[in-house]
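Reading the structure
The chain contents come next:
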Amino acid sequence: EVDENKRKEEAKKRKEEEAEKKKKEEEQKRKEAEEAEKKRKEEEQKRKEVEKKREKEEEEQKRKEGEEDQKRKSEEAEKERKEEEEEKKRKEAKEAEKKRKEEEEHKRKEVEEEQKRKREEEEEEEEKKRKEAEEAEKKRKEVEAEKKRKEVEAEKKRKEEEKRKTEEEEKKRKRRHIFPSSLSRRVTARTRKMWQPEIYTVEELRRYMKGKHIDIENWSLRYPDPCPQQGSGDDCAIFTCKYMECLARKDTQGFPFSQDDMPTVRARFALHFIKAYFNAQERSEHI
């Protein structure tokens, strides 16, 4: 019996729970239905508002299009009016430009005629001046030719005179005998007789010429100054060789040596003779 009561209570309790659950489900469904209805109404309201807004925008768009169309027509009318005015001004400007060009052309022709007249007058004046200049140039050339002829004659005479003087100087120079002497100071100091070098040179020349006549009356002795002088009495041959070497070499000016150079010069001469000797020996062996 106790178990039966418990079972009944549990069944009752279960029924109550099911009823409560069913009630909650119905309440939930009702709320969901209310929310769906509310949402539908809101969407409907929004749709109506959107539709109303769209209609309003369409009306505004139509109004703007009408205004723009009116404005465009006004602008076109204004543009046409301006174009007509511009066309009128352009025609007037064209007429004015045509008239101005005609006036300028007329003035240009007048100026050209005036310039042509002046140019002809200037050409006549220039032609006259040119003829006068030609005559003056002709006279100047004649004067210059006469002057040049006189200058040529004077130059010819001057050259002939110079040639004559040169020939005379050449004759005198050929008659002059250059005598470099390492004892010229002793001659000047009268420690050596003046006639000794001259006699010695002439006698040597006569022997060389094998007795032929030598005219020495117009000869003059000239001692180069400065002329290197020997200090001792046994260097005269070395001095003579150096004199001949310096006179023979075109790249040597004067006599660039002195008594102090004699040992070096003697050594150079000795070396030269030794080399010449051995070179001759070698050539004879090759032959």
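Now for a description of the structure that goes with this document.

Procedures and definitions
- Residues numbered from 1 in each chain as written.
- Predicted model: local features only at pLDDT ≥ 70, side-chain atom pairs only at ≥ 80, totals over all residues.
- Heavy atoms only, no water.
- Helix = DSSP H or I, 4+ residues; strand = E, 2+ residues; numbered from the N terminus.
- Buried < 20%, exposed > 50% of the residue type's maximum accessible area, 1.4 Å probe, protein only.
- Contact = heavy atoms within 4.5 Å.
- Patch = residues over 30% accessible without salt bridge, like charges linked within 9 Å, V, L, I, M, F, W, Y side chains within 5 Å.
- Areas by Shrake-Rupley, 256 points an atom, 1.4 Å probe, with all protein chains shown as cover.
- Salt bridge = Lys/Arg side-chain N within 4 Å of Asp/Glu carboxyl O.
- Lys, Arg positive; Asp, Glu negative; His and termini not counted.
- Charge placed at Lys NZ, Arg CZ, Asp CG, Glu CD.
- Disulfide = S-S within 2.5 Å.
- Phe/Tyr/Trp six-rings, centres within 6.5 Å; stacked < 30°, edge-to-face > 60°.
- Core = buried A, V, L, I, M, F, W, Y, C linked by side-chain atoms within 4.5 Å.
- Expected span 1.5 Å × (residues − 1).
- Arc of directions from axis to C-beta.
- Axes fitted to C-alpha atoms, helices over the stretch in contact; angles between N-to-C directions.
- Parallel < 35°, antiparallel > 145°, perpendicular 65-115°, else oblique.
- Nonpolar A, V, L, I, M, F, W, Y, C, P; charged D, E, K, R; others polar.
- Polar contact = N/O pair within 3.5 Å; in protein donor to acceptor, adjacent residues only side chain to side chain.

A few words on the overall build of the protein chain. Helix and strand counts for the protein chain stand at five helices and two strands. Moving toward the C terminus, one meets the helices and strands of the protein chain in the order α-β-α-α-β-α-α. Considering the protein chain as a whole, with its 287 residues, one finds that 9% of them fall into the buried category. Long-range pairs, those at least 24 residues apart, make up 64% of the contacts in the protein chain with a sequence separation of at least 6.

Taken together, the side chains of Glu120, Glu122, Glu123, Glu124, Glu125, Glu126, Glu132 and Glu135 present a region of like negative charge at the surface. The class for Glu126 is exposed, based on a relative accessible area of 53%.

All right, on to the pattern of salt bridges then. Where charged atoms from two side chains of opposite charge come close, those side chains can pair. Going through the model one piece at a time under the given rule, you end up with 32 salt bridges. Arg30 is the partner of Glu34 in a salt bridge, and the nearest nitrogen-oxygen pair spans 2.5 Å. One end of the pair is Glu34 and the other is Arg30, both in helix α1 (residues 2-175) and four residues apart, which spans about a single turn. Classification of Glu34 by relative accessible area gives partly exposed; the value is 43%. Close ionic contact of Arg47 with Glu44 constitutes a salt bridge, the shortest N to O distance being 2.2 Å. Taken together, the residues span about one helical turn, with Arg47 and Glu44 both in helix α1 at a distance of three residues.

This paragraph deals with a nonpolar patch on the surface. Together, Ile274, Tyr277 and Phe278 make up a nonpolar patch on the protein surface, roughly 340 Å² of accessible area in all. Accessibility expressed as a relative area gives 45% for Ile274, which makes it partly exposed.

Considering all chains together, one arrives at zero disulfides under this definition. Residue Cys227 stays outside any disulfide, its sulfur separated by 10.0 Å from that of Cys246, the closest cysteine. Cysteine Cys241 is unpaired, with the sulfur of Cys236 as its nearest cysteine sulfur at 9.8 Å. The class of Cys241 is partly exposed, set by a relative accessible area of 33%.

Before going further, it helps to spend a moment on the packing of aromatic side chains. Applying the stated criterion across every chain, the model contains five aromatic pairs. Seen in terms of ring centroids, Phe239 and Tyr243 are 6.2 Å apart; in terms of plane orientation they differ by 65°. Their pairing is edge-to-face. You can see Phe239 and its partner Tyr243 sitting in helix α4 (residues 236-248), four residues apart, about one turn around the helix. Accessibility classification places Phe239 together with Tyr243 in one group, the buried group. Considering the side-chain rings of Tyr243 and Phe257, the 5.8 Å spacing of their centres and the 50° angle between planes classify their relative orientation as tilted.

Our focus in this paragraph is the nonpolar core. Cys227, Ile238, Phe239, Tyr243, Cys246, Phe255, Phe257, Met262 and Val265 together form the largest nonpolar core, which totals nine residues. Looking at this core, the element that brings in the most residues is α4, giving four residues. Those residues in contact with Ile238 that lie beyond four places of it in its chain are Met262, Val265, Arg266 and Phe269.

Before going further, it helps to spend a moment on α4. The end-to-end C-alpha separation of α4 is 18 Å, in line with the 18 Å expected for 13 residues at 1.5 Å each. Considered for burial, the residues of α4 that qualify are Ile238, Phe239, Lys242, Tyr243 and Cys246. Summarising the axial view, the buried residues of α4 lie within an arc of 140°, below the 170-degree limit, and thus occupy one face. In α4, the exposed positions angled more than 90 degrees off the buried face are occupied by Met244, Leu247 and Ala248. Those residues of α4 that are buried lie in contact with α5 (262-286).

What follows deals with the packing of α4 against α5. To describe two helices that pack against each other, one gives the angle between their axes and the distance between the axes. Viewed as axis vectors pointing N to C, α4 and α5 meet at an angle of 75°, and their least axial separation amounts to 11 Å. With respect to α5, the axis of α4 lies roughly perpendicular. Seen from α4, the contacting residues are Ile238, Phe239, Cys241, Lys242 and Glu245; seen from α5, they are Met262, Val265, Arg266, Arg268 and Phe269. For the contact of α4 with α5, the per-class residue count stands at six nonpolar, no polar and four charged.

Here we come to the side chain of Asp235. Inspection of the secondary structure puts Asp235 in the loop between β2 (220-222) and α4. Residue classification places Asp235 among the buried residues on the basis of a relative accessible area of 5%. In terms of polar contacts, Asp235 uses its side chain to reach the side chain of Gln259, at 2.6 Å. Non-local contacts of Asp235, meaning those with residues more than four positions away in its chain, are made with Gln230, Gln259, Met262 and Arg266.

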